[in-house]
Amino acid sequence: MSNPNSPRVRFAPSPTGFLHVGGARTALFNWLYARSQGGTFVLRIEDTDQERSTEESYSAILRGMEWLGMDWDEGPHKGGDFGPYKQSERLDIYNKHLQTLIDGDFAYKCFCSNDDLEARQEEITEDGGQWAGYDGQCRHLSDEEIAEQEAAGTPFAWRLKTPDEDTTFWYDIVLDKLEFQNELLVDRVIVKADGFPTYQFAVVVDDHDMGITHVLRGDDHVSNTPFQLLIYKAMEWKPPKFGHMPMILGPDKKRLSKRHGATSVEEFENKGILPAAMTNYLALLGWSPGGNADEVMSVDQIVKKFSLKKVNSSPASFDYDKLAHINSEHIKNLSAKERLELAKPIIAKDGWELNDEWLIHGVSDTNNYLARVLGTLGNRFSSLLTLPNQIGFFFTEEHFVDADAWNENVAPEEARAILVKLASAIEKGMDLDVAQPASAFEELVRTTAEEMGVKAGELIHPSRVALTGQTRSAGIFEVMELVGARRTVARMKNAANS
Ligand code: GLU
């Protein structure tokens with residue numbers, strides 16, 4: 001059991017789309033706060049908008065959370081003392097609380113249809129007036145008028161009676177004091193004609209009933225907070241503390257959207273971003289460890305340093321290059337074993353397998369071979385996206401030989417002659433059926449260069465192109481060792497004939 005005084009926070013997504021970076025950042029700050037304070041992190045699904053909520057989105061959000069490693073203490077698949085954690089399964093709870101508002105004369109029936117509202121909005125705006133969302137018409141219906149509508153069976157929603165005097169204010173954890181004139185607050189719907197609560201009502205009921213102590217969410221909800229505070233007041237409930245985090249902008253300082261590039265967590269996963277790097281980057285969107293502290297941090301380090309006091313009140317802009325940099329730093333910090341685990345699915349995806357040829361070279365299994373291949377890369381392994389290109393040539397004979405690569409440093413004709421010579425030197429000087437170390441290849445290349453009266457570099461460049469298809473690669477002698485003498489000779493001859 002957690003300490004009764006420890007914070008209870010929640011992430012409350014509406015399942016109407018993918019988990020996008022804004023939502024993931026909100027989830028993360030709540031999760032970090034819970035984890036750094038020994039608190040509880042609740043995942044609640046706000047699916048009261050039945051038309052827009054989908055199962056697909058629900059699954060995508062859960063999957064995104066799991067991928068990022070944000071485990072929840074209470075919520076879907078987990079349960080908890082305050083469930084159910086899907087709002088569509090809590091209708092009786094909202095109805096019970098609605099009754100309290102009705103009994104206290106804080107709620108009234110609204111018989112206006114959407115068409116009525118639209119017509120009145122048009123009328124008012126045509127006359128140059130402002131339409132704030134509702135004009136309070138049904139608030140002033142007489143008992144007879146209400147009885148008439150009821151007798152006619154007109155569908156109705158419930159609206160909250162907002163006060164006309166005074167102000168509603170709160171001290172926001174991020175934005176400081178915020179204050180709104182009550183007379184400007186609209187009597188919004190709390191329970192719709194279909195019997196479902198609106199977000200505004202359900203969020204208050206659930207945050208209260210679930211014992212939420214801090215509501216940390218995007219600043220697009222600032223305008224909802226005064227209305228929600230009025231519900232707390234009418235219910236005589238103590239509200240939680242609120243903290244509204246500034247929105248995430250694109251590199252051009254406009255609200256982050258599809259046109260800037262990837263925005264859903266899944267897209268970043270497909271772009272080869274590691275969950276730890278994504279978490280690291282999201283944490284820096286509106287928070288910083290302060291001072292000259294290194295920004296590349298493990299999740300554990302972030303949890304240790306995280307503080308709500310350091311959450312920034314000005315908007316953060318999403319920097320795709322910085323994310324890529326943080327990602328490469330995270331890859332560099334991985335152990336050989338972790339790198340192997342990352343590379344395995346990439347190898348499998350491209351259909352590359354261990355073949356008999358490599359077994360000759362003392363390789364007992366794919367993992368062993370792959371581990372040695374990755375070892376040749378060292379810190380050049382900095383992106384999952386470039387990895388197939390960096391190591392594919394170890395696994396297949398169908399790698400692409402870049403035509404331009406031939407022309408760099410060495411003329412193609414000369415290069416072909418060099419490769420023929422070198423291939424025959426390897427055939428003569430080595431047992432092709434036995435694993436040969438890098439040092440043996442190096443010696444052979446250097447001796448052959450001497451015999452030919454040229455610098456070793458003149459042999460190395462065409463060899464690299466022939467073996468890897470590229471002008472840059474891991475050390476060529478290590479490459480030869482792992483490609484193996486037989487395949488090295490075959491590739492050299494192939495390239496010479498191309
Ligand atoms: N369901 C709301 C949303 O997805 C959550 C709002 C809140 O955190 O209060 O925007």
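Refer to the preceding data block for the structure.
This report concerns the structure included in the present document. What you are looking at is a predicted structure, and each value in this text was computed from that prediction instead of being measured.

**Structural notes on the side chain of Lys86**
Moving on, step 1. Note on placement: Lys86 falls in the loop between helix H2 (55-68) and helix H3 (91-103).
Moving on, step 2. The exposure class of Lys86 is buried, given its relative accessible area of 17%.
Moving on, step 3. Excluding residues that lie within four positions of it along the chain, Lys86 makes contacts with Ile45, Asp47, Glu55 and Tyr58.

**Remarks on the nonpolar core**
Burial of nonpolar side chains together is a common tendency in soluble globular proteins.
Moving on, step 1. One finds Met65, Met278, Phe318, Ile391 and Phe394 to be the most contacted residues of the largest nonpolar core, which totals 101 residues.
Moving on, step 2. Of all the elements, helix H1 (residues 21-37) adds the most residues to this core, at 9 residues.

**Focus: the packing of helix H9 (residues 275-284) against helix H11 (residues 320-332)**
Moving on, step 1. Contact geometry of H9 with H11 gives a least axis separation of 9 Å together with a crossing angle of 135°. In terms of orientation, H9 and H11 fall into the oblique class. Considering the relative orientation of H9 and H11, their crossing is right-handed. Along the contact surface, H9 presents Ala276, Ala277, Met278, Asn280, Tyr281 and Leu284, while H11 presents Lys322, Leu323, Ile326, Asn327 and His330.
Moving on, step 2. The residue makeup of the contact of H9 with H11, split by class, is 7 nonpolar, 3 polar and 1 charged.

**Some thoughts on the environment of Phe111**
Moving on, step 1. For Phe111, the position within the fold is in the loop between strand S3 (107-110) and helix H4 (114-126).
Moving on, step 2. Owing to a relative accessible area of 6%, Phe111 belongs among the buried residues under this scheme.
Moving on, step 3. For the pair formed by Phe111 and Phe394, sequence separation is 283 residues and the distance between their alpha carbons is 72 Å.
Moving on, step 4. Every residue in contact with Phe111, bar those within four places of it in the chain, is listed here: Asp116, Cys138, Leu141, Ile146, Gln149, Glu150, Thr154, Pro155 and Phe156.

**Observations concerning helix H14 (residues 366-377)**
Moving on, step 1. Here H14 spans 17 Å end to end across 12 residues, near enough to the 16 Å set by a 1.5 Å rise per residue.
Moving on, step 2. What H14 keeps buried is the set Tyr369, Leu370, Val373, Leu374, Thr376 and Leu377. An end-on view of H14 places all buried positions within 150° of arc, on one side of the element.
Moving on, step 3. Just downstream of H14 lies Gly378, where phi reads positive at about 55°.

**Section: the pattern of salt bridges**
Two side chains bearing opposite charge may form a pair once their charged atoms approach each other closely.
Moving on, step 1. On inspection of all chains with the given rule, the structure shows 28 salt bridges.
Moving on, step 2. Across the salt bridge formed by Asp206 and Arg90, the nearest N and O atoms sit 2.8 Å from each other. Placement of Asp206 in helix H6 (residues 199-209) and of Arg90 in the loop between H2 and H3 is noted, with a sequence separation of 116 residues between them.
Moving on, step 3. The salt bridge partner of Asp433 is Arg486, with a shortest N-O separation of 2.4 Å. Note that Asp433 is positioned in the loop between helix H17 (412-429) and helix H18 (438-452) and Arg486 in helix H21 (residues 485-497), a separation of 53 residues in sequence.
Moving on, step 4. For Asp433, a relative accessible area of 42% puts it in the partly exposed group.
Moving on, step 5. One network of salt bridges, with partners in common, ties together Arg10, Arg44, Glu46, Arg90, Asp206 and Asp207.

**A word on the site of the ligand**
Moving on, step 1. Around the ligand, the surrounding shell consists of Arg10, Ala12, Pro13, Ser14, Glu46, Tyr199, Val203, Arg217 and His221.
Moving on, step 2. At 2.8 Å from a nitrogen atom of the ligand is found a main-chain nitrogen or oxygen belonging to Ala12.
Moving on, step 3. Calculation on the ligand without its partners gives an accessible area of 300 Å², and the protein chains cover 81% of this total.
Moving on, step 4. Here the residues of the shell around the ligand sort into 4 nonpolar, 2 polar and 3 charged.

**Focus on the pairing of strand S9 (residues 241-245)**
Moving on, step 1. A large share of S9 lies buried, amounting to 4 of its 5 residues.
Moving on, step 2. Pairing of strand S8 (residues 214-218) with S9 involves 5 bridges; the strand directions are parallel. The residue of S9 that forms the bridge with His214 is Lys241.

Rules behind the numbers
Residues numbered from 1 in each chain as written. Predicted model: local features only at pLDDT ≥ 70, side-chain atom pairs only at ≥ 80, totals over all residues. Heavy atoms only, no water. Helix = DSSP H or I, 4+ residues; strand = E, 2+ residues; numbered from the N terminus. Buried < 20%, exposed > 50% of the residue type's maximum accessible area, 1.4 Å probe, protein only. Contact = heavy atoms within 4.5 Å. Core = buried A, V, L, I, M, F, W, Y, C linked by side-chain atoms within 4.5 Å. Axes fitted to C-alpha atoms, helices over the stretch in contact; angles between N-to-C directions. Parallel < 35°, antiparallel > 145°, perpendicular 65-115°, else oblique. Left-handed = near helix turned anticlockwise from the far one by under 90°. Nonpolar A, V, L, I, M, F, W, Y, C, P; charged D, E, K, R; others polar. Expected span 1.5 Å × (residues − 1). Arc of directions from axis to C-beta. Salt bridge = Lys/Arg side-chain N within 4 Å of Asp/Glu carboxyl O. Near = heavy atom within 4 Å. Polar contact = N/O pair within 3.5 Å; in protein donor to acceptor, adjacent residues only side chain to side chain. Areas by Shrake-Rupley, 256 points an atom, 1.4 Å probe, with all protein chains shown as cover. Pairing = 2+ DSSP bridges.

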